[in-house]
Structures are given as C-alpha cells and as structure tokens.
Amino acid sequence: MSRIDELIKKHCPDGVEFRELGELCKLSRGRVMSKDYLRDNAGNYPVYSSQTVNNGVFGRINTYDQDGTFITWTTDGANAGSVFYRDNEKFSITNVCGLVVNNFPEKISLKFLYYILSITAKSYVYSGMGNPKLMSNVMSTILIPIPPLPVQQAIVDILDTFTILEAELEAELEAELEARQKQYVYYRHELLNFRNEPQINTDKHGYTQKSPHPLQNLIKKHCPVQWRELGEVGMFIRGNGLQKKDFTENGVGCIHYGQLYTHYGTYAEQTKTFVSESLARKLRKAKKGDLVIATTSENDEDVCKAVAWLGDKEIVISGDACIYQHSLLPKYVAYFFQTDEFQKQKRPYITGTKVKRVSGNNMSKIKIPIPPLPVQQEIVTILDTFDSLVNDISSGLPAEITARRQQYEYYRNQLLTFQEVTKL
C-alpha cells in the first residue's frame, strides 16, 4: 500500500467529501486592457490574458491589481480552461482571464486545487458558436474533492516532484532533439554540397588537411557530379482551380498549397484531403515521383516548400502550387529543396512584399547537382534515417517526449481520483 493510500484509509476510510468550487473560492474576472493601454503604462508587472505561451503573459505595466498566491484561468478563446498557479506574485489580469481566491485555506490547499483544476477545467469548456468559453458561473460548479490537508499536502509534494523531474527530463530531451536537428541539417548540407569546397580540419599533429565529401569514394567510382538547371531535367506545371471549399470526405486525393507548410514533410504517400471525381477531371494532376511545390508564402524561407508525392494514385493540386515532373530520384530532389544551396539560388527570384512568390519559370533556372543514381540513393537513405529520428512523432525523440508527458498525466490523474464519501 502506498503512502497516499495509507493516509486516505487513516483520515477518510468512508470516502472523500466533494464541494463545488464556488463554495470554496471567490471567482472573478479581470479588466479590459488594450495594447494601447499596455504601451502607455509600460512597466515591470505582468498582465495575464487568454494566451498560454510565455506563461500567459500578455504584457507588462507599472501597476498591479493582485498581490499574493492565486489561481488564474483562461475564460475565452482557443485556450479556454487553461489553468495557472501564480505563486506570491504581483500581477493583473485582463477580461478574458479569471481569478480564483481561496476562501478556506484551512480546508483546502490552493496548490492542490490547482492540480485538480488542471485535469478537470477543460471538460467544462463550452465551444458553442465557435468561441470556446469557461465563464465564472460554469467554473464555480466544478466538483472538487476535499481530502484532509495531510493527504492534500502529500499529493502536492509528489506532483511537485513529478513536475520538476518531468520538466528537467523534457528539457534534456528537447536539447537532444535540437542537437539532432542541427546534426541533421549539417549532414543534409554536407551530403548535398557538391561545390568542391572541402572543409579544413586539423589532425592530432596540428597539420591541416582537407576532408573529402562524405560520399567522395562512391562519387569517384561512378563519375563527376553534373550541375543542371531544373528545367533541363524536368518541367514545372502550375496548379489550377482547387479551393478549400471543394474538399470532400472521400474521392480523389488532393493537396492544397497551404497544407504543404502545416501537414506535409519531405514526402507523402497519402493526402489529408479529397475532392470529387468530377472536379478532379478539371484539375492538373501529380503522379508518383512528382514534386508538389508551394509557389506562394508569407516569408522568403517557406516559399517553394516541396513534398515528393510517392503514392500510387494520381492526385490534384491547387493554384499557388505547381508540379515538378522530372527524371531524378524524387526524395533526392525534395531534400535538395531544403538545402542552403537551393535557398541561395532561389532568393533572387522571389517577388512580392507581403506575399512572396516564385514562378515555375524562375524555379526552372535553379541548378541542382546530379550525382549518379547510387549516390542519390545513398544520400536519401542517410537523410531518411535522420528525418525519421527527428520528425516522425511515432518514433525517436519526439515520441519519447510525448510518452513522458503522458506518463506524468497518468500518475497525476491517479493521485487526484477519489471515491466520494457515502451519503446517508
């Protein structure tokens, strides 16, 4: 039997009393504060609002409305129901943020209450009319278990320790993931750098030596690398007609240019969305091995984001995207589109200010190194391994980070689940 089980058995053998949050605490909301107000009253004291990034800080002003330890929660918007523990702080909150003041500290620990609300508040959010909300009148009805204070404190101590350990471990994993990402970018650059610019290294005796390309031996075995314009080894076909309103539950697979930034990586075998067969007959199609490329973006870096289509069936694409049909290894070309070399060549062809564009005609002028097919395949094999490790949520470090978070949430939920006292 665990320490918590022993404490519960000792102090509340018949179960735990539950009370509504409104019976235990005073709930209120903040005041309207515009960005102009924040600018005109700039200072050091945080203002919390509806966001969750940066611990919910909306801005900082030179006064404060609260001084002490409280719970705040987001009342409106996409983050409605997010709960924060404000420990011994001087701060203010806006009108889309709520405040919880503990009226019975001798009965319930505010930190214990914070952990309870962290797992229950989200389920009380109302999402009608497209604007999620958790107002004070609903928040006040949340049922709160009230075990004796020794039990509450023991649970808080365990969860505080879990939180610290989870944060430290996640920071380590994030640091390792960042290092792997940098390593991935480095090898992608080196493997696709055929400009004959070897690095200068120093051996153990202090003598400098030039290091060859990582696949130099394989390249020498076959032939020198050629540089050809993309238009010489393929052709660009502009998309047409497809809009988001055309999406259907099933039918012919389609890729909208906006999805290239948010949904797709280097390659894909299945589409996220579909269109009707009748509409598909009017649209331009990508076949297996083609690249689908976004020709429009809000920034220089993302324009020309490309994905290699490896599915067996033809798919259709939207306007502001183009198809690149070519005679090279599809993944090899897609990886080349991610390199500094491609970005450098692309930059002079970018047009527009708010909306950035690169036409297929200009992309066709960009030169790509074309090593022999075995070298292309070896490069793809190496980069696929890195890509899977770094980006695939079902394997590698991202999956481990997710697993750690789920483990923490599981134990937190177990510790905060109580049997309600039997009522006579």
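See the structure above.
Residues numbered from 1 in each chain as written. Predicted model: local features only at pLDDT ≥ 70, side-chain atom pairs only at ≥ 80, totals over all residues. Heavy atoms only, no water.

A.B. asks: If you had to explain the overall build of the protein chain to someone new, which residues and values would you point to?
C.D. replies: Each helix and strand in the protein chain was counted, giving 15 helices and 23 strands. For the protein chain, with 424 residues in total, the buried portion stands at 43%. Long-range contacts, defined here as pairs at least 24 residues apart, represent 73% of the contacts in the protein chain between residues at least 6 apart. Surface accessibility of the protein chain: about 22900 Å² in total, with carbon and sulfur atoms responsible for 49%. (Helix = DSSP H or I, 4+ residues; strand = E, 2+ residues; numbered from the N terminus. Buried < 20%, exposed > 50% of the residue type's maximum accessible area, 1.4 Å probe, protein only. Contact = heavy atoms within 4.5 Å. Areas by Shrake-Rupley, 256 points an atom, 1.4 Å probe, with all protein chains shown as cover.)

A.B. asks: Describe the pattern of salt bridges, with residues and values.
C.D. replies: Tallying each qualifying case throughout the model produces 18 salt bridges. Linking Arg39 and Asp40 is a salt bridge whose minimum nitrogen-to-oxygen distance equals 3.4 Å. Since its relative accessible area comes to 56%, Asp40 is described here as exposed. One salt bridge in this structure joins Asp290 and Lys287, with 3.7 Å as the shortest N-O distance. (Salt bridge = Lys/Arg side-chain N within 4 Å of Asp/Glu carboxyl O.)

A.B. asks: Would you mind going over the environment of Asn240 in detail, with residue names and values included?
C.D. replies: Relative to the helices and strands, Asn240 resides in the loop between β12 (234–238) and β13 (252–255). Exposure remark for Asn240: the relative accessible area of 22% places this residue in the partly exposed category. Spatially, the C-alpha atoms of Asn240 and Arg284 are 6.6 Å apart, while their sequence positions differ by 44 residues. A polar side-chain atom of Asn240 sits 3.2 Å from the main-chain carbonyl oxygen of Lys282. (Polar contact = N/O pair within 3.5 Å; in protein donor to acceptor, adjacent residues only side chain to side chain.)

A.B. asks: So, the sheet that holds strand β3 (residues 42–48): which residues are in play, and what are the values?
C.D. replies: Read across the open sheet, the six strands follow the order β2-β7-β5-β6-β3-β4; overall the sheet is mixed. With partners counted over all chains shown, the strands left at the sheet margins are β2 (25–29) and β4 (57–61), one partner each. Going across the sheet, the axis of each strand differs from the next one's by a mean of 40°, ignoring polarity. Across five bridges, the pairing between β3 and β4 is antiparallel. Following the sheet pairing, Val47 is matched in β4 by Gly59. (Pairing = 2+ DSSP bridges. Axes fitted to C-alpha atoms, helices over the stretch in contact; angles between N-to-C directions.)

A.B. asks: Which residues make up the nonpolar core, and what values do they have?
C.D. replies: Counting 40 residues, the largest nonpolar core has Ile293, Phe337 and Met363 as its most contacted members. Among the elements of the structure, α6 (149–191), α8 (230–233), β17 (291–294), β19 (306–309), β21 (321–326), α11 (330–336), β23 (367–370) and α14 (373–391) are those that each provide at least two residues to this core. Of all the elements, α14 adds the most residues to this core, at six residues. Sequence-distant contacts of Met363, that is, excluding residues within four places in its chain, are made with Leu230, Phe236, Ile293, Thr295, Cys304, Cys322, Phe337 and Val358. (Core = buried A, V, L, I, M, F, W, Y, C linked by side-chain atoms within 4.5 Å.)

All we've got here are geometric facts, nothing functional implied.
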